[in-house]
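# A look at the structure
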Amino acid sequence: MTSQVSSPAEQADGSDETVVGEQRALLIDEEGRVEEGTVQEGRVEEGSTGDGRAGERGAAAGTDPATGPGAAPGTSPNTAPGTAPGKSPGPGTKEVRRLSRVIIRFAGDSGDGMQLTGDRFTSETASFGNDLSTLPNFPAEIRAPAGTLPGVSSFQLHFADHDILTPGDAPNVLVAMNPAALKANIADVPRGADIIVNTDEFTKRPMAKVGYPASPLEDGSLDAYQVHPVPLTTLTIEALKEFGLSRKEAERSKNMFALGLLSWMYHRPTENTEQFLRAKFAKKPQIAEANVAAFRAGWNFGETTEDFAVSYEVEPAATAFPAGTYRNISGNLALSYGLVAAGQQADLPLYLGSYPITPASDILHELSKHKNFGVRTFQAEDEIAAIGAALGAAFGGSLAVTTTSGPGVALKSETIGLAVSLELPLLVIAIQRGGPSTGLPTKTEQADLLQAMFGRNGEAPVPVIAPRTPADCFDAALDAARIAVTYRTPVFLLSDGYLANGSEPWRIPETGELPDLRPRFATAPNHELADGTEVFWPYKRDPQTLARPWAVPGTPGLEHRIGGIEKQDGTGNISYDPANHDFMVRTRQAKIDGIEVPDLHTDDPDQARTLVLGWGSTYGPITAAVRRLRKDGVPIAQAHLRHLNPFPANLGEILRSYDKVVVPEMNLGQLALLIRAKYLVDAVSYNQVNGMPFKAEQLATALKEAIDA
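From a predicted model like this one, the values you see are computed outputs, not experimental measurements.

## Examining the side chain of Asp479
Within the secondary structure, Asp479 is located in helix 14 (residues 472-487). Taking relative accessible area as the criterion, Asp479 reaches 11% and is therefore assigned buried. Contact partners of Asp479, with chain neighbours within four places excluded, come to Ile465, Arg642 and His643.

Given below as structure tokens:
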């Protein structure tokens, strides 16, 4: 994931734009050796195959070790600021400890650049070869009130030398840029963890804003933690004296100072960040060098200060990845690349009709960069116009897409019903967020499943699929395109804010691994009348798929009429005949029911009696919780749904083979409702709707209680 680095006077948080540039990629050979290469952002090959988690990694149950404090000294993998590329810092006297995994959370005001800082640390961590998972968390306001609890923005990164699945439950390190950041996050920090605080912000007024009657750095309330007081603002201003910047401009680079300090502390590579800064500000060399200077100053502070007596190493996770080329990717970027790849594999122009809405807007931003792949993007005046344009493009023979979130889906519902009636391929990408109404724009939720299933008038069935991880969004986009083109139907793809903004390593596939999605357009009449005349019937169906023919307007002899009023079977003429309507309704339903989807795979090595069933972004927390339980000797089975309509053919058999079925969801039980209704299985819901993803320990506890009940 590539993010712009702001100048000292321009840094902002939560709204960092993407920039086309070089991506560092890891090349892992068949023997697990790691090399670093360059991947140009925007190549259509940058996709993934399989389940989106770079293959079946970490097959052994319970592979989720706690942070290990092993004190074996090691060799720094990074290049020290100011040294030649590829050189390691000179030998020092500070202790180096090797860890298996680390969870870091950067927190500050929405203007402190925490998302940017996390993005850059993540990029370097990905290039080094660790497995990783991220959780950006920021306010909905463009610039929330400074120094207040609602204005706190954070970025959590979990990286390890082995396969991991979640951003982690609790940070081992909290970087708090002000009192609000400390107060908003301290409840998540375990005893003994490191807390790095910007002491320059702990003055009377900022502390009073968040209800601190006295400084928490002095009243003993933080005695249970390893507190590192660092005057980040003062040190940054001092480091940038030579650049002639105002105090306000200079202090905005304190996030680069913090990034440099953490890069030293965890032996992250540094040269790529410096190259990134210089490339970004090539037209403003003074600004570029100021950012680099702040970054280097933070690194050097860690190297020289006595307060940080220990640095840490987390080895690459090469053995967790099959051979291939990898890069870090977010869910929305993976979706965008998947859509571009689908257009190429279908040999169709890709058309996006969209209206900006958080958290789906990044897909519009990204696709607008890829006109060279036949992509056309249209930012409409509203949600209704956006999907109307997309449906028109589908009629014209394009692979049509519209992107939105929950409130936008409500506005698009009438046109989705029209697409069902017209039986045209259309991808409806819904990035779920907290609701109802405008709800929680920057927080995650899974509460739009029933809306996708039934949120239209009449019997209007639509296939629904859901990716499980950020990288899996690529494969889900290809799968959605396959269904839409093959069966001539709109398809819902339900991602969410957690997947959209989070990131993980992703294997770039070879183009030969991608499916052939080319449709068969109607090119000639398909029906012979009693008098021998050959005509084109727009609703004469394929006997295998029940899909109607797709005729591009302007094809000679295939002139036809379609619309929203019920049509006569075969001819497509307007029909009010009751028997015909009954037949058409049942046929449209049968078409969706007959869509070919893979059987559901069950992970059950111990012949358990309890099954945990999930869908969408709960995959990571559920799998991590299952691993913990199995590590403790608790038998439990796991299955995860991608296809929610139609369900896999073997789902009912699987559900009935277990004594208990537990369904964790970030809603009030929508999948559980569908499971109970269709299969008459007493599925037990475990629900959360606080705008945050499940924690692995929380789920492990709930699942153990369900097993013991």
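Next comes the rest of the description.
## Describing the nonpolar core
Membership of the largest hydrophobic core comes to 97 residues, with the highest contact counts inside it found for Phe492, Leu613, Leu671 and Ile675. Considering each element in turn, this core owes the most residues, 11 residues, to helix 14. Filtering out sequence-adjacent residues up to four positions away, Leu671 remains in contact with Leu449, Leu613, Trp615, Leu641, Leu644, Phe647, Val663 and Glu665.

## Some points on helix 11 (residues 383-395)
End to end, helix 11 covers 19 Å across 13 residues, agreeing with the expected 18 Å (1.5 Å per residue, within 8%). On the buried face of helix 11, the contacting elements are strand 12 (350-354), strand 13 (375-379), strand 14 (399-404), helix 12 (406-422) and strand 15 (426-432). Sitting at the amino-terminal end of helix 11 is Asp382, which places a side-chain oxygen 3.1 Å from the backbone nitrogen of Ile384. One or two steps after helix 11, the chain reaches Gly397, where phi turns positive at roughly 100 degrees.

## Focus: the sheet that holds strand 4 (residues 101-109)
Spatial ordering of the open sheet is given by 5-6-4-7-8-9, a layout of 6 strands whose pairing is mixed. The open sheet is flanked by strand 5 (131-137) and strand 9 (226-230), the only strands paired with a single partner. When strand polarity is set aside, the average angle formed by the axes of neighbouring strands in this sheet is 15 degrees. In this sheet, strand 9 lies alongside strand 8 (residues 194-198) in parallel orientation, the contact comprising 5 bridges. Bridge pairing links Asn198 to Val230 in strand 9. In the packing of helix 1 (residues 114-128) onto the sheet, contacts are made with strand 4, strand 5 and strand 6 (152-160), and the angle to strand 6 comes to roughly 10 degrees.

## A few points about unusual backbone geometry
Cis geometry is found at the peptide bond from Thr358 to Pro359, where omega equals 5 degrees. If you trace the backbone, Pro359 turns up in the loop between strand 12 and helix 10 (361-367). Geometrically, the link from Gly435 to Pro436 is a cis peptide bond, its omega value of 5 degrees lying close to zero. By secondary structure assignment, the location of Pro436 is in the loop between strand 15 and helix 13 (449-454). A positive phi angle, close to 55 degrees, is found at Ser437, a residue other than glycine. Counting through the fold element by element, Ser437 comes out in the loop between strand 15 and helix 13. Classification of Ser437 as exposed rests on a relative accessible area of 59%. Phi at Leu680 takes a positive value of approximately 55 degrees, unusual for a residue other than glycine. Counting through the fold element by element, Leu680 comes out in the loop between helix 19 (670-679) and strand 26 (684-687).

## As for the pattern of salt bridges
For the coordinates displayed, the defined rule picks out 30 salt bridges. Two residues, Arg518 and Asp516, come together in a salt bridge whose shortest N-O distance is 2.7 Å. The partner of Arg628 in a salt bridge is Glu697, with the nearest N and O atoms 2.6 Å apart. Remark: Glu697 occurs in helix 20 (residues 696-708) and Arg628 occurs in helix 17 (residues 619-631); sequence separation between them is 69 residues. Residue Arg628 is classed as partly exposed on the basis of its relative accessible area of 22%. Because the salt bridges share partners, they merge into one network encompassing Glu274, Arg278, Glu289 and Arg296.

## Notes on the environment of Lys412
Within the secondary structure, Lys412 is located in helix 12. Lys412 sits 25 residues away from Ile387 along the chain, and the two C-alpha atoms are 6.5 Å apart. Excluding anything up to four places from it in sequence, Lys412 contacts Glu383, Ala386, Ile387, Thr402, Thr403 and Thr404. A distance of 3.0 Å separates the side chain of Lys412 from the side chain of Glu383, its partner in a polar contact.

Thresholds, definitions, all that
Residues numbered from 1 in each chain as written. Predicted model: local features only at pLDDT ≥ 70, side-chain atom pairs only at ≥ 80, totals over all residues. Heavy atoms only, no water. Helix = DSSP H or I, 4+ residues; strand = E, 2+ residues; numbered from the N terminus. Buried < 20%, exposed > 50% of the residue type's maximum accessible area, 1.4 Å probe, protein only. Contact = heavy atoms within 4.5 Å. Core = buried A, V, L, I, M, F, W, Y, C linked by side-chain atoms within 4.5 Å. Expected span 1.5 Å × (residues − 1). Polar contact = N/O pair within 3.5 Å; in protein donor to acceptor, adjacent residues only side chain to side chain. Pairing = 2+ DSSP bridges. Axes fitted to C-alpha atoms, helices over the stretch in contact; angles between N-to-C directions. Salt bridge = Lys/Arg side-chain N within 4 Å of Asp/Glu carboxyl O.

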